[in-house]
Amino acid sequence: MASGGRDSSVDSGIRAVARIRAEVDARGVSRLPVLEGEGPLAVRRVRSSGQEARVALVGAMSAPLGGDRLTVEATAGVGARLDIGSSAATIALPGQSERPARYDVRLSVAEDAELRWLPEQLISAYGSSLRMTTRAELAPGARLLLREEQVLGRAGEEPGALTSRLTVRCDGRTLLDQELSCGPGAPGGWDGPAALAGHRALGQLVVVHPELAHSPAEPRMLGEHAALTPLAGPGLLVTAVAADALLLRRVLDEAVRLVAW
């Protein structure tokens, strides 16, 4: 099957890659020499009022379905500022293939560069199976603001099977490596009082900034269902759960105001 297309007669799923690269020009403005997508991973420039480059991921077709493999590769070159969002939530849906879908995000931030990864929620619909990995590699002096939000099931439905792994490395050192499994087939207790406790929306906010190496954040609660944890290096992690996507976004937006530069 051709990359980026879907053939209903074949259950192997689609393969699609989006590539984004920001570089600084002679005036100090971040440009996008690489901006390409295929299949469901369409990418669009977004007008910016500053020197950063802004990009939106636009869903061009239903995905990810069972058997699909989607990859986003984003790079902020030396001194560049890159802001990536999305136009709508991503919905993991059941497909013809019994194999799980894969969604891999690879972020690279060069020296003195800044990358903001702020997509809309990932919704795990009933009957779906998705394995998602997000990996960020940062050079010394790089800055990162990363938000991930997962919603377990659409309104009134049970969730699909979701495994999500988030890894952040800076200067070759691992700051964060965590994995969460929810829904059918997940280890027992994922919805118990020591984990989600019945909540259906969960999110992480990661901040990496050189100042945090010298002035680490203090661990503390941010309301009843969110916590800030310093990482072993120039970073911090905010973890939150909520009853729904709207409440979760409010918590994480407030966390951004508290901890982001």
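Refer to the structure above for everything that follows.
Note that the coordinates shown come from a computational prediction; the quantities given were computed from them, not determined experimentally.

A.B. asks: Would you mind going over the overall build of the protein chain with me for this structure?
C.D. replies: Secondary structure assignment for the protein chain yields 2 helices and 18 strands. For 261 residues, the compact-globule formula gives about 18 Å, and the C-alpha radius of gyration of the protein chain, at 18 Å, lands near that figure. The principal-axis extent of the C-alpha atoms belonging to the protein chain is close to 50 × 45 × 30 Å. For the protein chain, with 261 residues in total, the buried portion stands at 48%. For the protein chain, long-range pairs separated by at least 24 residues make up 69% of all intrachain contacts whose partners lie at least 6 apart in sequence. Element-wise, carbon and sulfur atoms account for 49% of the exposed surface of the protein chain, whose accessible area totals about 12200 Å². Here the protein chain carries 29 positive and 31 negative side-chain charges, and the mean point of each set is 3 Å from the other.

A.B. asks: Explain unusual backbone geometry to me, please; I cannot follow it from the model alone.
C.D. replies: Non-glycine residue D112 carries a positive phi angle of around 65°. Turning to its location among the elements, D112 is positioned in the loop between strand 8 (101–109) and strand 9 (114–117). With relative accessibility at 43%, the residue D112 sits in the partly exposed group. In this model, A197 sits at a positive phi of 50°, which is unusual for a non-glycine residue.

A.B. asks: Would you mind showing me how to read the sheet that holds strand 1 (residues 15–24) here?
C.D. replies: Whenever strands of a sheet pair, they do so through backbone hydrogen bonds, lying parallel or antiparallel. One open sheet holds the 7 strands; their spatial order is 2-1-5-8-11-13-14, and the pairing between them is mixed. Strand pairing shows two members of the sheet lacking a second neighbour, strand 2 (30–36) and strand 14 (173–182), which therefore form its edges. Within this sheet the neighbouring strands show an average axis-to-axis angle of 10°, counted without direction. Sheet topology places strand 1 next to strand 2; 5 bridges connect them, and they run antiparallel. When the sheet's bridge partners are listed, I20 is paired in strand 2 with L35.

A.B. asks: Teacher, can you tell me more about the pattern of salt bridges here?
C.D. replies: By the definition in use, this model includes 17 salt bridges. Here D104 ties to R69 by a salt bridge, and the two come within 3.2 Å at their closest N and O atoms. Of the two residues, D104 sits in strand 8 while R69 sits in strand 5 (residues 69–76), which places them 35 residues apart along the sequence. Using a relative accessible area of 38% as the deciding quantity, one classes R69 as partly exposed. Within this structure, E120, R147, E149 and R249 form a network of salt bridges that share partners.

A.B. asks: How do you make sense of the environment of P94 when you look at a structure like this?
C.D. replies: Along the chain, P94 falls in the loop between strand 7 (90–92) and strand 8. By relative accessible area, which is 44% here, P94 ends up partly exposed. Along the primary structure P94 and A63 are separated by 31 residues, whereas in three dimensions their C-alpha atoms are 9.4 Å apart.

The rules behind the values
Residues numbered from 1 in each chain as written. Predicted model: local features only at pLDDT ≥ 70, side-chain atom pairs only at ≥ 80, totals over all residues. Heavy atoms only, no water. Helix = DSSP H or I, 4+ residues; strand = E, 2+ residues; numbered from the N terminus. Rg over C-alpha atoms; globule rule 2.2 N^0.38 Å. Buried < 20%, exposed > 50% of the residue type's maximum accessible area, 1.4 Å probe, protein only. Contact = heavy atoms within 4.5 Å. Areas by Shrake-Rupley, 256 points an atom, 1.4 Å probe, with all protein chains shown as cover. Lys, Arg positive; Asp, Glu negative; His and termini not counted. Charge placed at Lys NZ, Arg CZ, Asp CG, Glu CD. Pairing = 2+ DSSP bridges. Axes fitted to C-alpha atoms, helices over the stretch in contact; angles between N-to-C directions. Salt bridge = Lys/Arg side-chain N within 4 Å of Asp/Glu carboxyl O.

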